[in-house]
Amino acid sequence: MIIKSAEFVISNTDIKKLPAPNLHEYAFIGRSNVGKSSLINMLTGRKKLAKTSSTPGKTQTINHFIINDNWYLTDLPGYGYAKVSKTERAKWSSFIQRYLKVRENLVCLFVLIDSRIKPQAIDLDFMDWCGKNEIPFVIVMTKTDKISSSQLKKSKLALKKAMEETWEFLPDIYITSSNSGTGKDELLRYIDDLNKSIKIS
Ligand SMILES: Nc1nc2c(ncn2[C@@H]2O[C@H](COP(=O)(O)OP(=O)(O)OP(=O)(O)O)[C@@H](O)[C@H]2O)c(=O)[nH]1
Ligand SMILES: [Mg+2]
């Protein structure tokens, strides 16, 4: 798929102010600093569309971007940010969980996992929560430019093993690097296929 246009639409902390749910939507979630905003920039080929930072906790709101005037990419705040208070964290999860549950045009959630580290309880718990709430998702392993191909193989295997504890069928796993562009064509093709095969009423 060719990205002809990618524009910022709205930043939200209020579920009621989200854009009308009349277009296909794909959201990016994962731990703080995992590379959600960078991946949105890599996929759209716009370096500064979503704001990125080397300090965790950069994205604090739900950010909608409209692509080719036809579908939404949504950048979400990260979870598991250690410096955030318990109350703030609880607020975050109820806000994001509500968004994920009510957003009827959310075709697929991309759950980003750092390819450099072993499976984390917070990611596994979050994916279990998605399963229980019937939120369709695939996994995206990020920052693969920072590890060797044998390390990547090991990471992927470890993740699959950890997921097999609770999952009978595993979701697709995409391999990406926002630095090198790895995975761009595959993810855009996946989105294009879903745009064509799923009807948004
Ligand atoms: N080497 C490398 N660095 C990356 C990659 N993706 C992101 N980064 C770096 O990781 C840091 C965090 O990236 P962001 O895209 O801001 O992460 P985020 O998940 O949006 O973070 P929050 O909004 O804070 O939750 C930045 O310093 C990026 O440059 C990647 O594929 N490779
Ligand atoms: Mg971000």
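The coordinates are above.
Keep in mind it's a predicted model, so treat the numbers as computed, not measured.

1. Considering the coordination of the magnesium ion (ligand 2)
Move 1: Taken together, the protein donors to the magnesium ion (ligand 2) comprise Ser37 (OG) and Thr59 (OG1), at separations of 2.0 to 2.2 Å. Here Ser37 is found in helix H1 (residues 36-44), whereas its partner Thr59 is found in the loop between H1 and strand S3 (62-67), with 22 residues between them in sequence. You'll find Ser37 and Thr59 in the same group, each marked buried.

2. Quick notes on the packing of aromatic side chains
Move 1: Scanning all chains against the criterion turns up nine aromatic pairs.
Move 2: Taken together, a centroid distance of 5.7 Å and an interplanar angle of 90° make the contact between Tyr26 and Trp71 edge-to-face. Of the two residues, Tyr26 is situated in strand S2 (residues 24-30) and Trp71 in strand S4 (residues 71-75); the sequence distance between them amounts to 45 residues.
Move 3: Residue classification places Trp71 among the buried positions, given a relative accessible area of 1%.
Move 4: One aromatic cluster is present, built from ring pairs that chain together Tyr26, Phe28, Trp71, Phe110, Tyr174 and Tyr190.

3. Details of the environment of Leu152
Move 1: Mapped onto the fold, Leu152 is located in helix H4 (residues 149-164).
Move 2: With eleven residues separating them in the primary sequence, Leu152 and Met141 have C-alpha atoms 9.1 Å apart.
Move 3: Aside from chain neighbours lying at most four places away, what touches Leu152 is Ser115, Thr144, Ile147 and Ile175.

4. Here we look at the packing of H1 against helix H5 (residues 184-197)
Move 1: Remark: H1 packs on H5, axes separated minimally by 10 Å, with the N-to-C direction vectors making an angle of 85°. Judged on the interaxial angle alone, H5 and H1 are roughly perpendicular. Two secondary-structure elements touch here, H1 through Leu39, Met42 and Leu43 and H5 through Lys184, Leu187 and Leu188.
Move 2: Of the residues in the contact of H1 with H5, the class split is five nonpolar, no polar and one charged.

Parameters at a glance
Residues numbered from 1 in each chain as written. Chains lettered and ligands numbered in written order. Predicted model: local features only at pLDDT ≥ 70, side-chain atom pairs only at ≥ 80, totals over all residues. Heavy atoms only, no water. Donors = N, O, S within 2.8 Å, 3.2 Å for Na, K, Ca; no water. Helix = DSSP H or I, 4+ residues; strand = E, 2+ residues; numbered from the N terminus. Buried < 20%, exposed > 50% of the residue type's maximum accessible area, 1.4 Å probe, protein only. Phe/Tyr/Trp six-rings, centres within 6.5 Å; stacked < 30°, edge-to-face > 60°. Contact = heavy atoms within 4.5 Å. Axes fitted to C-alpha atoms, helices over the stretch in contact; angles between N-to-C directions. Parallel < 35°, antiparallel > 145°, perpendicular 65-115°, else oblique. Nonpolar A, V, L, I, M, F, W, Y, C, P; charged D, E, K, R; others polar.

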